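If you want the building blocks of each chain, they are given just below.
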Amino acid sequence: ETGVTQTPRHLVMGMTNKKSLKCEQHLGHNAMYWYKQSAKKPLELMFVYNFKEQTENNSVPSRFSPECPNSSHLFLHLHTLQPEDSALYLCASSRQTQETQYFGPGTRLLVL
Amino acid sequence: AQSVTQLGSHVSVSEGALVLLRCNYSSSVPPYLFWYVQYPNQGLQLLLKYTTGATLVKGINGFEAEFKKSETSFHLTKPSAHMSDAAEYFCAVSSSGSARQLTFGSGTQLTVLP
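Residues numbered from 1 in each chain as written. Chains lettered and ligands numbered in written order. Predicted model: local features only at pLDDT ≥ 70, side-chain atom pairs only at ≥ 80, totals over all residues. Heavy atoms only, no water.

Asker: Explain the overall build of chain B here, please?
Answerer: Helix and strand counts for chain B come out as zero helices and 11 strands. Written out in order from the N terminus, the α and β elements of chain B read β-β-β-β-β-β-β-β-β-β-β. For 114 residues, the compact-globule estimate of 2.2 N^0.38 gives 13 Å, and chain B sits close to it at 14 Å. The principal-axis extent of the C-alpha atoms belonging to chain B is close to 45 × 30 × 20 Å. The long-range fraction of contacts in chain B, counting pairs at least 24 apart against all pairs at least 6 apart in sequence, stands at 56%. Summed over all atoms, the accessible surface of chain B reaches about 5,300 Å², with 53% contributed by carbon and sulfur. With 7 positive and 6 negative side-chain charges, chain B shows a separation of 10 Å between the mean positions of the two kinds. (Helix = DSSP H or I, 4+ residues; strand = E, 2+ residues; numbered from the N terminus. Rg over C-alpha atoms; globule rule 2.2 N^0.38 Å. Contact = heavy atoms within 4.5 Å. Areas by Shrake-Rupley, 256 points an atom, 1.4 Å probe, with all protein chains shown as cover. Lys, Arg positive; Asp, Glu negative; His and termini not counted. Charge placed at Lys NZ, Arg CZ, Asp CG, Glu CD.)

Here is the structure:
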């Protein structure tokens, strides 16, 4: 399998649930990113990891908790989300943070 | 600070007609510029990018874009639209420094009419 993969592709959760989104890249990249894509709004960068270390947190609420155990895997742990958190969550990777980013297909999240 | 403005959230063209999607940017340093395409229920796919060098950049699927510094523009064009080009298109600019983070425009939904 090549490129950037994300699981699950669709997720419905209640506000009290705990769930995790997974991203895996098979490109040998060192940097990974989480973005949020809401309807009618530009993509919002959430987190940046470079060589497994978090280098950017764009004022994301603590109910979103990222984890990067190695350069190939990135998780987004979700806890007590709000309906306004419903969106498409996109993962991306790049060889270095200043290089071109390649995106996964996204996880469509619905919070009820 | 940097920003991207995409003029027109929806553009419709007839099959075979010219496609022109507009993008203007602001950046305090020389920018890197990108166009991404997103098909329904999919992630973003890189169409083309400008970093340095030739200002006319050719991408996949017959698309090209021209970097015009004087106009702070990076418009995307394709001479002849195909039905399969219907998608959402995003222009993006990257910041300076060691961490070139992307800032995206709001996107333009392209409809191709038969």
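Asker: In this structure, what is going on with the sheet that holds strand 1 (residues 4-7) of chain A? I would like to understand it.
Answerer: Hydrogen bonding along the main chain pairs the strands of a sheet, whether they run parallel or antiparallel. Residue and element names in this part refer to chain A. Strand order in the open sheet made by the four strands is 1-3-8-7, with antiparallel pairing throughout. Two strands bound the open sheet, and with one partner strand each, they are strand 1 and strand 7 (64-70). For this sheet, the mean angle separating the axes of adjacent strands, direction not counted, is 20°. Pairing geometry for strand 7 and strand 8 (residues 73-79), over five bridges, is antiparallel. Residue pairing across strands places Ser65 opposite His77, the latter belonging to strand 8. (Pairing = 2+ DSSP bridges. Axes fitted to C-alpha atoms, helices over the stretch in contact; angles between N-to-C directions.)

Asker: What should I look at first to understand the interface of chain A and chain B in this one?
Answerer: In many reports, interface size means the accessible area that the parts give up when they come together. Chain A puts 18 residues into the contact, and the matching count from chain B is 19 residues. For the pair chain A and chain B, the summed buried surface comes to about 1,500 Å²; carbon and sulfur atoms form 52% of the total. For the pair chain A and chain B, the interface holds zero salt bridges. Between chain A and chain B we count four residue pairs in polar contact (both at pLDDT 80 or more) in total. (Buried area = accessible area lost by both parts, 1.4 Å probe. Salt bridge = Lys/Arg side-chain N within 4 Å of Asp/Glu carboxyl O. Polar contact = N/O pair within 3.5 Å; in protein donor to acceptor, adjacent residues only side chain to side chain.)

Asker: What is the right way to look at the layout of surface pockets in this model?
Answerer: Which parts of space are left empty comes out when a probe the size of a water molecule is rolled across the atoms. By volume, the largest pocket amounts to about 470 Å³. Taken together, 20 residues form the lining of the largest pocket, with Gln37 and Lys40 of chain A together with Glu88, Phe90 and Gln109 of chain B sitting closest to its centre. Counting residues per element, the lining of the largest pocket draws most heavily on strand 9 (residues 87-94) of chain B, at three residues. Its residues placed into classes, the lining of the largest pocket shows six nonpolar, 10 polar and four charged. (1 Å grid on protein atoms, 1.4 Å probe; cavity = no way out; pocket = protein on both sides within 12 Å on 5 of 7 lines; lining within 4 Å. Points joined across faces, edges and corners; volume = space filled by probe spheres on them. Nonpolar A, V, L, I, M, F, W, Y, C, P; charged D, E, K, R; others polar.)

Asker: Looking at this model, I keep getting lost on the environment of Val57 of chain B. Mind explaining?
Answerer: Residues and elements named next belong to chain B. Here Val57 is to be found in strand 6 (residues 56-58). Exposure remark for Val57: the relative accessible area of 11% places this residue in the buried category. With residues near it in sequence (within four places) discarded, Val57 still touches Leu48, Lys49, Tyr50, Phe63, Glu64 and Ala65. (Buried < 20%, exposed > 50% of the residue type's maximum accessible area, 1.4 Å probe, protein only.)

Asker: In this structure, what is going on with the confidence of the model for chain B? I would like to understand it.
Answerer: For any part of a model where pLDDT is low, the fine detail of the predicted coordinates should not be relied upon. Mean pLDDT over chain B works out to 91, with 96% of the residues at or above the 70 mark. At the low end of the mean pLDDT range in chain B sits strand 10 (residues 102-104) of chain B, at 88; at the high end sits strand 8 (residues 73-78) of chain B, at 98. (pLDDT = per-residue confidence, 0-100.)

Asker: Would you take a moment to explain the state of the cysteines for this structure?
Answerer: A covalent bond between the sulfur atoms of two cysteines is referred to as a disulfide. As enumerated under the stated definition, the model contains two disulfides over all chains in all. A sulfur-sulfur separation of 1.9 Å characterises the disulfide bridge that pairs Cys23 of chain A with Cys91 of chain A. Torsion about the S-S bond of the Cys23 of chain A and Cys91 of chain A cystine: about -75°, corresponding to left-handed handedness. Within this pair, whereas Cys23 of chain A is found in strand 3 (residues 18-25), its partner Cys91 of chain A is found in strand 9 (residues 87-94), the two being separated by 68 residues in sequence. Paired by a disulfide, Cys23 of chain B and Cys91 of chain B hold their sulfur atoms 2.0 Å apart. The disulfide joining Cys23 of chain B to Cys91 of chain B has a torsion of about -65° about its S-S bond and is therefore left-handed. On the criterion of sequence distance, the pair formed by Cys23 of chain B in strand 3 (residues 19-27) and Cys91 of chain B in strand 9 is long-range, its members being 68 residues apart. Exposure remark for Cys91 of chain B: the relative accessible area of 0% places this residue in the buried category. (Disulfide = S-S within 2.5 Å.)

Asker: Sorry if this is basic, but what is going on with the packing of aromatic side chains here?
Answerer: All names here are of chain B. The tally for this structure, following the rule as stated, stands at 12 aromatic pairs over all chains. Arranged with centres 4.4 Å apart and planes meeting at 25°, the rings of Tyr50 and Phe67 form a pair that is stacked. Note that Tyr50 is positioned in strand 5 (residues 44-50) and Phe67 in strand 7 (residues 64-68), a separation of 17 residues in sequence. Residue classification places Tyr50 among the buried positions, given a relative accessible area of 9%. Centre to centre, the rings of Phe90 and Phe104 are 6.5 Å apart; their planes meet at 85°, and the pair counts as edge-to-face. Of this pair, Phe90 sits in strand 9 while Phe104 sits in strand 10, placing them 14 residues apart in sequence. In this structure, Phe90 and Phe104 share a single accessibility class: buried. (Phe/Tyr/Trp six-rings, centres within 6.5 Å; stacked < 30°, edge-to-face > 60°.)

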